[in-house]
Every structure is written in C-alpha cells, then in structure tokens.
Amino acid sequence: MQRIGWVMLIVIALTAAGLSRWSFVNRPFDPDGALFVYMGRMVSEGGLFGRDLIDNKPATVGAVTQWAWEIARTDWRGYVLIQLGLSILSACSVGLAACAMRRDGEARWTRVAAGVAVGLVLLNLQPFVFGGFQTETLQIFFTSLSGAVVVWVLSRCDRGELQRAGALACLSVLIAFGAALLKPSGLAVAGALGVVLVLRWRVGGWMGAWMRAGWCVGMLLGLLGWIWIAGRVSVDGYTLEQMREASRYAAGSAWDGFAVMKIASVLAGVMGVIGVAVLLGRKRVGTEHAASVMTRAHASSDTHHSRGSGSTANDDGGGSKRVMVFLWVWLLLEIVGVVLQKRMYAYHFLPIMVPGAMLAATMPRRVSVRAIVGAMILPLAISVPPSIELLRAEPARRLAISDELLRRADLRADIDAEQVDRVWMDGYARLLIETGMKPASRVPLTFLFINDDQAAGRYVTMLLEDLRADRGARYVVLPESVKDHVQMHVTQVRELVRYPVRAEAYAEAWGRIERFVEAGYSPVWRGEGVVLWERRDVVVGSPDAVIVGDDVAARVPEE
C-alpha cells in the first residue's frame with residue numbers, strides 16, 4: 001500500500017513538472033531563451049564573443065547551449081523538452097542524495113522516491129522557470145549532480161576507500177565547473193565542500209587529506225578547463241572585459257526594499273517546505289523506533305574505533321552532521337550568489353531550490369508520503385494554476401517581421417544570391433533564428449544600455465560603428481514610435497526610474513539610433529508595432545557616402 005502511495009506521489013510531481021515546463025511551448029523563443037539559443041548557434045557557426053556578440057552573460061554560456069542548438073535547431077518544442085529532461089535528471093540527483101542519507105532500517109527506495117518527488121516540484125516551480133530555455137535549468141543540472149556526489153562521499157565512504165573519496169571530491173568540483181560555465185555562482189557547491197573540508201567538520205585523518213587533495217586538483221583542472229573553453233569561444237581579452245562589465249552591471253543595479261522582501265519571501269517558502277517535511281517526518285515512538293535505536297547502537301559500537309581515523313559511516317554523529325553542514329553552507333552560498341546579482345529576477349532563485357530540495361528530502365527522521373505531501377502542498381499551489389493558465393493561452397505566432405524579411409529574400413534570390421543580408425533589431429535573437437539572417441551588430445539588445453550610467457554611451461557608439469562598417473545592416477527594425485518606446489522603459493524599468501542620469505542617457509542613445517536610421521534608410525514595411533527600414537542605394541560606409549556624426553548622406557557628385 002505504501003508503494004502505491006509513493007508511485008502516486010511521483011506521478012503527481014511529474015505531472016506538475018511537465019505542466020510547468022510544457023506551458024512555455026506557447027511562448028516560443030522568449031527574449032532570454034532566444035538569446036541563449038542564438039549564442040549556441042553563433043558558436044556552432046564559428047562565431048566569437050566580442051567580435052560577433054557581446055552580452056552580460058559569460059561567453060562560456062554559448063559553449064554549453066551549442067549542443068542544444070545542434071539537437072533542436074529552430075524547433076522550440078525541442079528546447080522545452082531538453083529543459084524538462086534536464087530538470088527530471090536533476091530531481092533524480094536529489095533522489096540519489098536522499099538515498100545516501102537513508103536511516104538505519106529504512107528502505108532505500110523510500111528516500112529515493114522522496115528526493116525525486118521533492119526535486120520534481122521545487123526544481124520546476126513555474127514562477128522561477130522563466131521561459132522554455134534558461135541558463136538556470138542548465139545550471140541546476142550540474143549543481144544537483146555535483147551536490148549528490150558530495151553527499152554520497154561525505155556519508156558513505158569509509159576509511160578503506162581513501163582514494164575513492166579523493167576521486168569523488170575531485171569529480172564533484174569538476175562537475176561544479178560545468179555550472180560555472182553558465183554562472184560564476186555555479187561554484188557554490190564546490191565552495192560549500194571547501195568550507196566543510198577547511199573546517200574539518202568530522203572529516204579528519206587520511207580521509208580528510210585525500211578529499212582536500214581531490215578538491216584542490218578539481219579546482220585546478222576545472223579552472224584550466226574553464227579558461228580554455230572561454231578562450232575558444234571569445235576574442236582575446238573579452239573574458240576580462242566581460243567580468244568588469246558584469247561588475248559594473250551589479251554595482252549599477254537598483255537595491256531597494258522590494259528586493260529585500262522578494263528574497264525574504266522566497267527563503268521563507270524554502271524554509272517552510274523543509275520545516276513541514278521535518279515536522280511530519282518525526283520518528284514514531286513504538287516497537288519500530290526501539291528496534292531502530294538498537295540497530296544504531298550496535299552500528300555505533302562497531303564503528304566507534306574507526307571514526308578517529310577518518311571513517312565516514314552514515315550515523316547520526318558523523319555522516320549526517322557532515323552532510324547537514326555541507327547543505328546549509330551550500331544554501332547560504334547560493335543565497336549570496338542571488339543577492340550579489342542585485343536585480344534578483346524570479347529565475348535567479350531557481351538554483352537555491354537544489355540544496356533546499358536535498359534538505360527537505362534528507363532531514364526528516366522518517367520520510368513518509370504524508371511528510372512529503374505536506375511539504376509539497378504550497379509549491380504545488382503556486383506552480384500548477386499559472387502553468388494551466390499559460391498552457392490554455394493562445395500560442396504566440398511567428399514574428400510578422402520574420403515573414404516579411406523572408407519574402408523579400410525570396411524576391412531577391414536570383415539577383416543577389418551571394419549577398420548575406422544583415423539586420424539589426426532591439427533583441428534580434430528570435431528574428432535571426434526564424435529567418436537565418438546574420439546580425440549587423442555585436443550589440444544584441446539595448447537592455448545593455450542600462451548596465452550603468454555610462455553604458456548607453458558605450459554601447460550605442462559600438463552599435464553605430466557596426467552599422468557603418470562594411471557588414472552594415474541592409475535592414476534595421478525600429479519601434480513604430482521610438483519616443484513611446486523610450487518613455488515606456490524610463491517609467492517602468494527600476495534602474496531607469498531610480499537613476500535619472502541613466503534614463504537621460506538611455507533616451508539620448510535611442511535618439512542617436514533613430515537619427516542614424518532616418519538619414520540612411522527608408523521605411524518599407526509596418527506591422528505589429530515595428531517599422532522595417534531598408535538601406536538606400538548608397539551603402540553605409542562606402543566611398544560614396546559621407547558620415548557626419550550619426551548622420552549618413554549621399555555625396556553629391558561634382559559638376
């Protein structure tokens with residue numbers, strides 16, 4: 001009967017996860033997801049960050065999303081399924097960690113089922129699963145696996161497995177560097193293990209020495225691998241400049257009471273899930289409890305002599321406490337990672353759910369269907385309704401501008417088949433994916449303009465330089481009303497509202513773009529709130545053009 005309850009619970013959790021992920025099939029190539037997909041496409045085609053694209057995200061993101069592009073290409077459903085599959089595997093890693101922490105006399109499958117069920121729900125919370133393709137889902141795939149390896153080695157290795165413990169510590173750090181390819185905070189799991197080893201929390205003797213050596217080797221190899229991958233996908237010096245830009249981005253982000261309230265509410269929810277699981281998972285007093293105590297007493301006497309030599313047998317005085325210290329430190333470091341990003345969008349909180357899920361699945365003294373159901377009620381309540389609502393919404397269509405550009409390309413196929421059309425649009429990633437066209441600038445979106453007070457000037461200059469170059473845009477897509485577009489952003493974006501200097505620079509940057517386009521391009525199509533501008537017969541940047549400031553004018557032939 002108990003097995004039936006666990007099966008039903010996992011089915012419910014899997015259904016909720018599927019609803020949460022699949023609901024985004026109605027929102028193909030959302031702005032963030034499209035950019036990550038395009039990064040993978042660019043790397044696949046031999047493009048380089050710094051030369052062909054710049055962004056706040058590390059260049060190494062493209063190296064990871066490249067494999068997703070190779071699998072799914074322009075099929076949005078493929079990306080949604082990839083993320084669903086990775087989230088399920090991440091939940092299985094939570095189950096692996098819970099299995100390693102099973103109590104004396106407890107069936108292994110009960111801990112696995114508890115971990116998988118909690119992981120499926122917490123790692124697929126709809127408010128934190130922003131879009132169908134996000135870096136956070138890729139990140140938690142690596143961190144959950146790395147964390148499961150750490151939990152296993154801290155709780156299950158004994159003094160006869162010194163080399164194995166060191167190798168697993170090294171492996172966990174290397175896997176964590178996979179998460180660091182997506183965000184630096186991906187190293188939080190490796191940092192938590194480092195804290196445990198430095199503090200020597202009941203990991204002493206030769207066991208601790210081997211694990212510390214494995215951790216150091218993993219950090220060295222992981223860092224070398226990260227540097228090699230970053231160098232392969234970017235131009236020289238781009239990585240250091242991107243780090244400086246990310247620092248300016250964080251320093252220039254708004255921090256207010258709303259941000260504090262947001263992180264406090266998320267933490268309260270995570271703690272509530274853990275607390276309910278622990279409360280409902282208390283040991284029942286009775287024959288079963290007495291037998292369990294006797295079993296542990298015998299195990300304790302058998303292993304007492306080995307603890308001083310570095311044994312990590314899973315008992316309440318050793319492995320359990322080591323793992324708890326590791327998980328709580330990991331949770332704290334993930335929180336720090338979110339806080340350092342300052343803007344704290346909802347999806348930034350998803351990595352916190354990994355140590356949270358492991359704590360909810362490992363801390364109860366006796367896991368039961370009742371305990372896990374109680375812990376999952378609130379997460380299911382905030383995840384399922386919006387997922388159903390989004391799934392029932394009308395699916396988003398292809399961009400009309402994409403169809404128009406493809407139509408124009410077909411009309412010119414026989415005339416200039418060798419010419420590669422280039423286009424620029426604010427947030428051009430989806431447009432390039434749907435049309436197969438090339439970007440006219442390495443600046444993909446004007447969101448970069450709000451990184452700091454000087455960002456708008458830096459990036460708009462870079463953008464206009466690209467548009468003037470030989471690879472200049474044949475097409476530029478602008479909002480139908482640039483003035484209204486700017487007004488909407490300066491009144492709704494927190495950084496622009498709080499920093500008037502930045503808002504003024506943002507408006508001026510858009511003014512430069514508009515003047516440049518009006519001087520050298522002609523409007524040829526309107527629809528869905530945008531205007532398609534096509535370059536005039538005079539090619540921008542050619543000897544037959546004069547460029548004065550941001551203006552382009554045809555040179556008048558002398559008599």
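Provided above is the structure to which this section pertains.
The structure reproduced in this document is the subject of the present report. Computed from a predicted structure; not experimentally measured.

**Observations regarding the packing of helix H3 (residues 60–72) against helix H9 (residues 205–233)**
Inference 1: Viewed as axis vectors pointing N to C, H3 and H9 meet at an angle of 85°, and their least axial separation amounts to 8 Å. Taken as axis vectors, H3 and H9 run roughly perpendicular relative to one another. Counting all contacts with H3, which are made through Thr60, Ala63 and Gln66, the residues of H9 involved are Trp226, Ile229, Ala230, Arg232 and Val233.
Inference 2: Along the lines of polarity and charge, the residues of the contact of H3 with H9 split into five nonpolar, two polar and one charged.

**Brief notes about helix H16 (residues 400–411)**
Along an α-helix, residues three or four positions apart point the same way, because every turn accommodates 3.6 residues.
Inference 1: Its twelve residues place the ends of H16 17 Å apart at the C-alpha level, agreeing with the 16 Å of an ideal helix rising 1.5 Å per residue.
Inference 2: For H16, the set of buried residues is Ile401, Ser402, Glu404, Leu405 and Arg408. Along H16, the residues classed as buried sweep out an arc of 165° about the axis, all on the same side.

**Section: the pairing of strand E1 (residues 422–425)**
Inference 1: In this sheet, strand E2 (residues 438–439) lies alongside E1 in parallel orientation, the contact comprising two bridges. In the sheet register, Val423 faces E2, and the bridge partner there is Pro439.
Inference 2: In this sheet, strand E3 (residues 475–479) lies alongside E1 in parallel orientation, the contact comprising three bridges. Looking at the pairing, Trp424 lines up with Val476 of E3.

**Considerations on the pairing of strand E4 (residues 521–527)**
Inference 1: With six bridges connecting them, E4 and strand E5 (residues 530–535) associate as antiparallel partners. Its bridge partner lying in E5, Pro523 is registered against Trp533.

**Quick word on a nonpolar patch on the surface**
Inference 1: Taken together, the side chains of Leu174, Val217, Leu220, Leu221 and Leu224 present a nonpolar region at the surface, about 430 Å² in accessible area.
Inference 2: One can find Leu224 in helix H9.

**Considerations on the packing of aromatic side chains**
Inference 1: Inspection of every chain in the model, using the stated rule, returns 14 aromatic pairs.
Inference 2: A centroid spacing of 6.2 Å and a plane angle of 35° characterise the contact between Phe49 and Tyr238, whose relative ring orientation is tilted. Separated by 189 residues along the polypeptide, Phe49 in the loop between helix H2 (31–44) and H3 and Tyr238 in helix H10 (residues 238–251) bring together distant segments of the chain. Considered together, Phe49 and Tyr238 belong to a single accessibility category, that of buried residues.
Inference 3: Taken together, the ring pairs connect Phe29, Trp76, Tyr79 and Phe133 into an aromatic cluster.

Calculation notes
- Residues numbered from 1 in each chain as written.
- Predicted model: local features only at pLDDT ≥ 70, side-chain atom pairs only at ≥ 80, totals over all residues.
- Heavy atoms only, no water.
- Axes fitted to C-alpha atoms, helices over the stretch in contact; angles between N-to-C directions.
- Helix = DSSP H or I, 4+ residues; strand = E, 2+ residues; numbered from the N terminus.
- Parallel < 35°, antiparallel > 145°, perpendicular 65-115°, else oblique.
- Contact = heavy atoms within 4.5 Å.
- Nonpolar A, V, L, I, M, F, W, Y, C, P; charged D, E, K, R; others polar.
- Expected span 1.5 Å × (residues − 1).
- Buried < 20%, exposed > 50% of the residue type's maximum accessible area, 1.4 Å probe, protein only.
- Arc of directions from axis to C-beta.
- Pairing = 2+ DSSP bridges.
- Patch = residues over 30% accessible without salt bridge, like charges linked within 9 Å, V, L, I, M, F, W, Y side chains within 5 Å.
- Areas by Shrake-Rupley, 256 points an atom, 1.4 Å probe, with all protein chains shown as cover.
- Salt bridge = Lys/Arg side-chain N within 4 Å of Asp/Glu carboxyl O.
- Phe/Tyr/Trp six-rings, centres within 6.5 Å; stacked < 30°, edge-to-face > 60°.

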